[in-house]
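A look at the structure
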Amino acid sequence: MDNQKQKLLLPKIKYYENGNVKNITYFDDSNGQMEKFKVAGVQMDIQLGEVEANLDRVIQFLQTTVEQGASLTVFPECTLTGYCFSSLEEAWPYAEAVAGASLARLVSACREFDTLAIVGFLEREGDQLFNSLALVDGEGVLGTYRKVHLPKLGVDRFTTPGVGPFEVISTRLGRLGMNICYDSSFPEAARVLSLEGADLICLPTNWPPTSGLTADVIPDARALENHVYFMSVNRVG
């Protein structure tokens, strides 16, 4: 890399629903360009189509991670809606615009807790459905990302691929990039974010049961080949 930054490989980060926190880890750029902060990953049992209930639990977990010192909390793919819809018609009622009520409520929670969060949601724009992420703090939605690489699984069979550039978002913590699940199978997605100066790339996922090898190998590979911190957060249940 041009700036020759040397960084340690990020260990897997997990927050379990039984209340125990494992490996909430400090990030620290050894050349001093990035200040220390704690990040938590919440692996939660998302209920399909239960947006209000899922959001309630997101806010509860957010309070817990903040109390344990996290400045950024990352949630799984399709946090608010669930992933395994069987048709576009089934999924559509649960999709929202970025300016919708769910993200507005999350912004309020981030303002109350003075923190940042990344959540997955189904985004609607016109007649199109996207598998999206939002990076949120107490001031509002700092940025969004629409999944580019779509497998023939779950709701991705009915969503539209994102076409925007892979963008790095500047925050008070550092420069953050976002991918979603299957994006990580394509090295270029993380590479672009790294070249754009990402300090941390976050990968919310909904990996199927057969993807154990992917989960074990891909996050570490993307971190190693790019010399960047890389965090994956899967769902449970």
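Let me begin by describing the structure that accompanies this report. (Residues numbered from 1 in each chain as written. Predicted model: local features only at pLDDT ≥ 70, side-chain atom pairs only at ≥ 80, totals over all residues. Heavy atoms only, no water.)

With respect to the overall build of the protein chain
Our working definition: The secondary structure listing takes helices from DSSP runs of H or I that are at least 4 residues long and strands from runs of E that are at least 2 residues long, numbered from the N terminus. Burial classes follow relative accessibility: with a 1.4 Å probe on protein chains only, a residue under 20% of its type's maximum area counts as buried, one over 50% as exposed, and anything between as partly exposed. The contact criterion used is simple: two residues touch if any of their non-hydrogen atoms lie within 4.5 Å. In this description, accessible areas are obtained by the Shrake-Rupley approach with a 1.4 Å probe, and a residue is regarded as covered only by the protein chains that are shown.
Secondary structure assignment for the protein chain yields five helices and twelve strands. Looking at the protein chain residue by residue over its 237 residues, the buried ones come to 52%. A separation of at least 24 residues holds for 70% of the contacts in the protein chain among residues at least 6 apart in sequence. When the accessible area of the protein chain is evaluated, it comes to approximately 10500 Å², of which 50% is carbon and sulfur surface.

Here we look at the packing of helix α1 (residues 51-67) against helix α3 (residues 101-113)
The criterion, for reference: Every angle, taken between N-to-C directions, lies between 0 and 180 degrees, and every axis is a line fitted to C-alpha atoms, over only the stretch in contact when it is a helix. Note that the term roughly parallel is reserved for angles under 35 degrees, roughly antiparallel for angles over 145, roughly perpendicular for angles of 65 to 115, and oblique for everything else. The hand of a helix crossing depends on one turn: near helix anticlockwise from the far one by less than a right angle means left-handed, and clockwise means right-handed. In this count, Pro and Cys sit with the nonpolar residues alongside Ala, Val, Leu, Ile, Met, Phe, Trp and Tyr, while Asp, Glu, Lys and Arg are called charged and the others, Gly among them, polar.
Running from N to C, α1 and α3 cross one another at 15°; their axes reach a closest spacing of 11 Å. It follows from the interaxial angle that α1 and α3 lie roughly parallel. The handedness of the crossing between α1 and α3 comes out as right-handed. Across the interface between the two elements, Val51, Glu52, Leu55, Asp56, Val58, Ile59, Leu62, Gln63 and Val66 from α1 touch Ser102, Arg105, Leu106, Ala109, Cys110 and Phe113 from α3. For the contact of α1 with α3, a count of residues per class yields ten nonpolar, two polar and three charged.

Some points on the pairing of strand β12 (residues 229-233)
Defined as follows: Strands are labelled as partners when DSSP assigns at least two bridges between them. By convention, a crossover is right-handed whenever its connection, traced from the first strand over the helix to the second and viewed with the strands pointing away, goes clockwise.
β12 sits mainly inside the fold: five of its five residues count as buried. Residues Tyr229, Met231 and Val233 point to one face of β12 and Phe230 and Ser232 to the other, with burial holding for every one of them. Looking at chain direction, strand β11 (residues 200-204) and β12 are connected through five bridges and run parallel. Bridging across to β12, Pro204 finds its partner in Val233. In terms of handedness, the path from β11 via helix α5 (residues 212-226) over to β12 forms a crossover that is right-handed.

Comments concerning the pattern of salt bridges
Note the threshold: Take a side-chain nitrogen of Lys or Arg and a carboxyl oxygen of Asp or Glu: if they are within 4 Å of each other, that pair is a salt bridge.
Inspection of the entire model under this criterion finds nine salt bridges. Between Lys147 and Asp156 there is a salt bridge, with its nearest N and O atoms 2.6 Å apart. The class for Asp156 is buried, based on a relative accessible area of 3%. It is possible to trace a salt-bridge network through shared partners that takes in Glu52, Asp56 and Arg105.

Digging into the sheet that holds β11
Within the open sheet, the four strands sit side by side as β9-β10-β11-β12. Their pairing is mixed. Two strands close off the open sheet at either side, each with one partner strand: β9 (169-170) and β12. Contacts between helix α4 (residues 187-195) and the sheet are confined to β10 (175-178), β11 and β12, with β11 contributing the most and set at about 150° to the helix.

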